Structures are given as structure tokens and as C-alpha cells.
Amino acid sequence: MNYQLIKDVLDLVEKFEMSNETKPLYSNDIGGFKEWMREEIVEHKCTEELSWEGKEHGRSADSVISTLLVHMSRYAKSYSKSIISSSEISTQDDFIYLITLRVFGPISKIDLIKKNVHDKSGGIQIINRLISHGWAEQTSSEEDKRNKILRITESGLSTLEYYMDDIRKASKVVTGNLTYSEKIELIRLLKKLSDFHYSVYCEGLPSDLLLTEAYRKVLNN
């Protein structure tokens, strides 16, 4: 029996428990231990520092990540425009709202807007476009007549299905040359990041307070 291996594992478990007692970030079970181990592996990999443009002049990792996310959004939109240019769809968001309606079924206007992280006025414009084209319809909620419930129509489903192959191609192109394991790791990281920002978004803060509150949460984390 490899007693040294057992000792090394026990040392790791002890390190995990001590780390989690000081600042509990993980569940105290095998799932939490595995997540902690993943973070440890990433941390060790980071000892081999990446190089990026402007680093020698003080450009931070935060700045690089922010820029890359903006660029990725623009790349994704440019691929969507290839589909939109030959369709009745006005924007990439029209596709996204229709897909959301198909996946989640009947949903209130406010919940649909929140799921797609839009401001209310921008979301309402998209919804009104879908309704005017006959791709979505609204009815009053049985619980509260003032609350409007949206559902995708047969016409909306047909339109979505017609372009679905191109939408899948665009999604595939966006992930580019990543391997499957890299995609899974990217999903994990982006979901963690998205959950943080979504918690701030759901507070519905005015623009002048948004940055202050988000920055406070960053410091607390």
C-alpha cells in the first residue's frame, strides 16, 4: 500500500479544512473538496504568468479580461448579423428572446427581460417587435390581470426553426478552437462571473449607484 500517497491526500484534506474555516467558500464535502482542488490547480498554473500587451506598463489582468469580454461580444454579434442580413429578424436579441420563450415556456414580460439582462425599456421594445411580427403573444396572468404572460406562437417556432441551423453554426464558431474540456472550464468560470453580476443587476439600482455597489461586493469577496 502506498502510505505516502495516503499521507499526501490527508495533508491536502487538512489544508482544505483549514482554508475553508478561515474563509468558507466551499461546502464541507467531497464536492467542495473537488472544487477547491480545481482552484488550487489553476492557482499553481498561474505561477507561470501569462504575458499580455501593456503588462510591462502596468496594465492589469482585470483590464485585459474586460477588454476581451467586450471583443467577444462584438465577434458574436458580427456572426449573428450574417443571419439577420437575410431574415426578418431585426437584432440578435430577437433570436435570443425567441429561444428563451421556447426553452422556458410561458413567462412574464419582466422575467423574460431579467433572464436576458436588459433594461426594461430595451426589453419591451424587443418584445413589442416579436408581438408585431406574430412570433409571440401575450395574455393576462390568472393571478394578476396587470401582469402580462408571453408565449411563443407557432409562427415564432417556425421562424426560429428555419434559422436554427445557422444559429447553431454561429454558436459553434463563437467557441472557435477551444477543446471540449476548455469549453466546460470556460462555462464554469463565466457562470461564476455571471452569477456575481446578476446578483447586482437584480437589485435594480439606478445607474449612479450601480458601480459603487458592484465594487463594494467585489471588495467583500
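Quantities reported herein were computed from a predicted structural model and do not represent experimental measurements. (Residues numbered from 1 in each chain as written. Predicted model: local features only at pLDDT ≥ 70, side-chain atom pairs only at ≥ 80, totals over all residues. Heavy atoms only, no water.)

Participant: I'm lost on the UniProt feature "domain: HTH marR-type" (unreviewed entry) in the protein chain in this one. Help?
Facilitator: According to UniProt, the positions carrying the feature "domain: HTH marR-type" (unreviewed entry) are residues 62-195. Between the C-alpha atoms that bound residues 62-195 there is a distance of 17 Å. The span itself is 69% helix and 9% strand. (UniProt positions renumbered as here; feature names shortened; annotations may be inferred. Helix = DSSP H or I, 4+ residues; strand = E, 2+ residues; numbered from the N terminus.)

Participant: Sorry if this is basic, but what is going on with a nonpolar patch on the surface here?
Facilitator: A cluster of nonpolar side chains, contributed by Ile-65, Leu-69, Leu-178, Leu-186, Leu-190 and Leu-193, occupies part of the molecular surface with about 450 Å² of accessible area. Counting residues per element, the ones that place at least two in the nonpolar patch are α3 (61-84) and α8 (180-201). Among the elements that take part in the nonpolar patch, α8 stands out by supplying three residues, more than any other. Tracing the sequence through the fold places Leu-190 in helix α8. (Patch = residues over 30% accessible without salt bridge, like charges linked within 9 Å, V, L, I, M, F, W, Y side chains within 5 Å. Areas by Shrake-Rupley, 256 points an atom, 1.4 Å probe, with all protein chains shown as cover. Salt bridge = Lys/Arg side-chain N within 4 Å of Asp/Glu carboxyl O.)

Participant: In this structure, what is going on with the packing of aromatic side chains? I would like to understand it.
Facilitator: How two aromatic rings sit relative to each other is given by the distance of their centres and the angle of their planes. All chains considered together, the criterion is met by seven aromatic pairs. Here the aromatic rings of Phe-16 and Tyr-26 are separated by 6.5 Å at their centres, their planes lie at 50°, and the arrangement is tilted. With a gap of ten residues between them, Phe-16 in helix α1 (residues 3-22) and Tyr-26 in the loop between α1 and α2 (30-45) connect regions that are remote in the sequence. Accessibility assignment for this pair places Phe-16 and Tyr-26 in one class, buried. When the centroid spacing of 5.9 Å and the interplanar angle of 25° are considered together, the rings of Phe-33 and Trp-36 count as stacked. Here Trp-36 and Phe-33 lie together in helix α2, a separation of three residues that amounts to about one turn. By relative accessible area, Phe-33 is classed as buried at 16%. Its relative accessible area of 3% is what places Trp-36 among the buried residues. (Phe/Tyr/Trp six-rings, centres within 6.5 Å; stacked < 30°, edge-to-face > 60°. Buried < 20%, exposed > 50% of the residue type's maximum accessible area, 1.4 Å probe, protein only.)

Participant: For this particular structure, what's the right way to read α3?
Facilitator: Think of an α-helix as turning once every 3.6 residues; residues three or four places apart then point the same way. The end-to-end C-alpha separation of α3 is 34 Å, in line with the 34 Å expected for 24 residues at 1.5 Å each. Within the span of α3, buried status applies to Val-64, Ala-76, Ser-80, Ile-83 and Ile-84. In this structure, the buried residues of α3 make contact with α4 (92-104) and α7 (154-174). (Expected span 1.5 Å × (residues − 1). Contact = heavy atoms within 4.5 Å.)

Participant: How should I be thinking about the pattern of salt bridges in this particular structure?
Facilitator: Pairing of side chains with opposite charge becomes possible as their charged atoms draw close. For the coordinates displayed, the defined rule picks out eight salt bridges. We note a salt bridge from Lys-191 to Asp-195, for which the minimum N-O separation is 3.0 Å. Of this pair, Lys-191 and Asp-195 both sit in helix α8, four residues apart, which is roughly one turn of the helix. As a salt-bridge pair, Arg-216 and Glu-213 come within 2.6 Å of each other at their nearest N and O atoms. Taken together, the residues Arg-216 and Glu-213, both in helix α9 (residues 207-220) and three residues apart, mark about one turn of the helix. Taking the relative accessible area as the measure of exposure, Glu-213 reaches 15% and is therefore buried.

Participant: Honestly, the packing of α8 against α9 in this entry has me stumped. Any pointers?
Facilitator: Packed helix pairs are characterised by how far apart their axes lie and by the angle those axes make with each other. At a closest axis distance of 10 Å, the pairing of α8 and α9 adopts a crossing angle of 135°. Here α8 is positioned oblique relative to α9, judged by the angle of their axes. In this structure, the crossing between α8 and α9 has a hand that is right-handed. Contacts between α8 and α9 involve Phe-196, Ser-199 and Val-200 from the first element and Leu-210, Ala-214, Lys-217 and Val-218 from the second. (Axes fitted to C-alpha atoms, helices over the stretch in contact; angles between N-to-C directions. Parallel < 35°, antiparallel > 145°, perpendicular 65-115°, else oblique. Left-handed = near helix turned anticlockwise from the far one by under 90°.)

Participant: What's the story with the layout of surface pockets in this structure? I'm lost.
Facilitator: Rolled over the atoms, a probe with the dimensions of a water molecule shows which regions are left empty. The space that makes up the second largest pocket amounts to roughly 250 Å³. What lines the second largest pocket is Ile-110, Ile-113, Lys-114, His-118, Asp-119, Lys-120, Tyr-201, Cys-202, Gly-204, Leu-205 and Ser-207. Ranked by residue count, the leading element in the lining of the second largest pocket is helix α5 (residues 109-115), at three residues. Taken together, the residues that form the lining of the second largest pocket break down as five nonpolar, three polar and three charged. (1 Å grid on protein atoms, 1.4 Å probe; cavity = no way out; pocket = protein on both sides within 12 Å on 5 of 7 lines; lining within 4 Å. Points joined across faces, edges and corners; volume = space filled by probe spheres on them. Nonpolar A, V, L, I, M, F, W, Y, C, P; charged D, E, K, R; others polar.)

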